Amino acid sequence: MPKVTRDDVARLAGTSTAVVSYVINNGPRPVAPATRERVLAAIKQLGYRPDRVAQAMASRRTDLIGLVVPDARQPFFAEMAHAVEQAAVERGKMVLVGNSDYLDSREVHYLRAFLGMRVSGLILISQGPSEHAATEIDAWDARVVLLHRRPEAIDDVAVVTDDIGGAMLATRHLLEHGHAYVACLGGTEKTPVLGDPVTDHVEGWRRAMREAGLSLEGRLFQAPYNRYDAYLVALELLSRPDRPTAMVCATDDQAIGLLRAARELRIDVPGELAVAGFDDVKEAGLTDPPLTTIASDRQAMARAAVDLVLDEGVREPGVAPERLRQFPSRLVVRRSCGCG
């Protein structure tokens, strides 16, 4: 059978090939609802399949969005990647995902690969401050949106959570339960990095503690972000005779590791140890006891990132884009803090 073309669709629908193109690509010009229905009916009747390769060659853009994450095995990044994919599908795009594994070289590798594929845009959950990544982005003059984290080295549009405010909410809530102080399980970075969510979580804890007139000395502990290594750190920390009675963790994964360590050491949560996390991953509601944590609207953040990365005006000369879109954090109260 001869290949069905866009001209065939236009003839059957009684319209022009340009209108068929507007329907297929959802723009750039609007199409009247009745006309759109005729075109869609013609596409279905003829079994027309657009030649995406030809479209990409003509426009020098594909229907792809590149997404680089530090580690898609971690629940937070897996859930964020899924939210981005859902938002992209709503805009008629597909998502390519690359894992940087917290390596600067791997992040640059995926930046080059995705930008070389002429993706429609790139969403970057950066592994950290990266001069090499910034240079690569500038070289391609690509539309890039930073998600979750805004490294100081990369000055592109960013979609983030109020990390400092969220950590303050969690710390204040634990203090309201009558604890003498709240300890913090932060990240592994000894030197604060601007724009890093975990650094901001620690900063929020600091501000809430100072606000309450409490000392910070000896109350900040370092642990990797993943639950197993955090569990190992927590085993040692909770074995001390002067262990804290309340802890806020920079991530839910750390909090899950802490809960496991407490259970092994027969420390009652929340009776002897109150715990709060950050991220509200799906597993937070399934821990024993369920984990009090800080949540953000990941679906809305992902949709905002996709909308921004597909907005032609984001990097258009002379157009000043909204540089930072911050979403609020909210406290999700469960039993690990002592409520309920």
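- Under an unreviewed UniProt entry, the chain has the name LacI family DNA-binding transcriptional regulator and belongs to Streptantibioticus silvisoli.

## Focus: the sheet that holds strand E7 (residues 220-222)
Now for step 1: The strand order E7-E6-E8-E9 describes an open sheet built from four strands, whose pairing is parallel. Looking along the sheet, the strands with just one partner apiece sit at the ends: E7 and strand E9 (274-276). Pairwise comparison of adjacent strand axes, ignoring direction, gives a mean angle of 20° for this sheet.
Now for step 2: As judged from the three bridges shared by strand E6 (residues 183-186) and strand E8 (residues 246-249), these two strands associate in the parallel manner. Counted as the bridge partner of Cys-184 is Val-248 from E8.
Now for step 3: Relative to E6, helix H9 (residues 197-211) is tilted by about 170°, and along the sheet it contacts E6, E7 and E8.

## Some details on the pairing of strand E3 (residues 121-124)
One face of the sheet, then the other: side chains in a regular strand alternate in exactly this way.
Now for step 1: Every second residue of E3 is oriented toward a common face, with Gly-121 and Ile-123 on one face and Leu-122 and Leu-124 on the other, all of them buried.
Now for step 2: Across four bridges, the pairing between strand E1 (residues 64-69) and E3 is parallel. Across the sheet, Gly-66 pairs through a bridge with Leu-122, a residue of E3.

## Overview of the packing of aromatic side chains
Now for step 1: According to the stated counting rule, one finds four aromatic pairs in the structure shown.
Now for step 2: Relative to Tyr-225, the ring of Tyr-102 has its centre 6.3 Å away and its plane inclined at 45°; by these criteria the two rings are tilted. Pair noted here: Tyr-102 is in the loop between strand E2 (94-99) and helix H6 (104-116) and Tyr-225 is in the loop between E7 and helix H10 (227-238), with a separation of 123 residues, a long-range link.
Now for step 3: Aromatic side chains Tyr-110 and Phe-114 sit 5.6 Å apart centroid to centroid with 40° between the ring planes, which places their arrangement in the tilted category. On the criterion of helical spacing, the pair formed by Tyr-110 and Phe-114 is a turn pair, its members being four residues apart in helix H6.
Now for step 4: Judged by its relative accessible area of 22%, Tyr-110 falls in the partly exposed class.
Now for step 5: Judged by relative accessible area, which is 5%, Phe-114 ranks as buried.
Now for step 6: For the cation-ring pair, Arg-219 lies above Tyr-181, with the distance from its terminal atom to the ring centre recorded as 3.8 Å.

## Focus on the pattern of salt bridges
Now for step 1: Scanning the model with the defined rule gives 16 salt bridges in all.
Now for step 2: Of the charged contacts, one joins Asp-63 and Lys-93 as a salt bridge, the two residues approaching to 3.3 Å between their closest N and O atoms. Placement of the pair is Asp-63 in the loop between helix H4 (52-59) and E1 and Lys-93 in the loop between helix H5 (75-90) and E2, with a sequence separation of 30 residues.
Now for step 3: On the basis of relative accessibility, which here comes to 17%, the residue Lys-93 falls in the buried class.
Now for step 4: One salt bridge in this structure joins Arg-91 and Asp-307, with 2.8 Å as the shortest N-O distance. On the criterion of sequence distance, the pair formed by Arg-91 in the loop between H5 and E2 and Asp-307 in helix H12 (residues 298-309) is long-range, its members being 216 residues apart.

## Some details on empty space enclosed by the protein
Now for step 1: For the structure on display, the rule yields two cavities of 30 Å³ or more.
Now for step 2: The computed volume of the largest cavity comes to approximately 50 Å³.
Now for step 3: Phe-76, His-148, Thr-161, Asp-163, Phe-278, Asp-279, Ile-294, Ala-295, Ser-296 and Arg-298 together form the lining of the largest cavity.
Now for step 4: Among the residues forming the lining of the largest cavity, the class breakdown is four nonpolar, three polar and three charged.

Rules used throughout
- Residues numbered from 1 in each chain as written.
- Predicted model: local features only at pLDDT ≥ 70, side-chain atom pairs only at ≥ 80, totals over all residues.
- Heavy atoms only, no water.
- Pairing = 2+ DSSP bridges.
- Helix = DSSP H or I, 4+ residues; strand = E, 2+ residues; numbered from the N terminus.
- Axes fitted to C-alpha atoms, helices over the stretch in contact; angles between N-to-C directions.
- Contact = heavy atoms within 4.5 Å.
- Buried < 20%, exposed > 50% of the residue type's maximum accessible area, 1.4 Å probe, protein only.
- Phe/Tyr/Trp six-rings, centres within 6.5 Å; stacked < 30°, edge-to-face > 60°.
- Lys NZ or Arg CZ within 6 Å of the ring centre and 35° of its normal.
- Salt bridge = Lys/Arg side-chain N within 4 Å of Asp/Glu carboxyl O.
- 1 Å grid on protein atoms, 1.4 Å probe; cavity = no way out; pocket = protein on both sides within 12 Å on 5 of 7 lines; lining within 4 Å.
- Points joined across faces, edges and corners; volume = space filled by probe spheres on them.
- Nonpolar A, V, L, I, M, F, W, Y, C, P; charged D, E, K, R; others polar.

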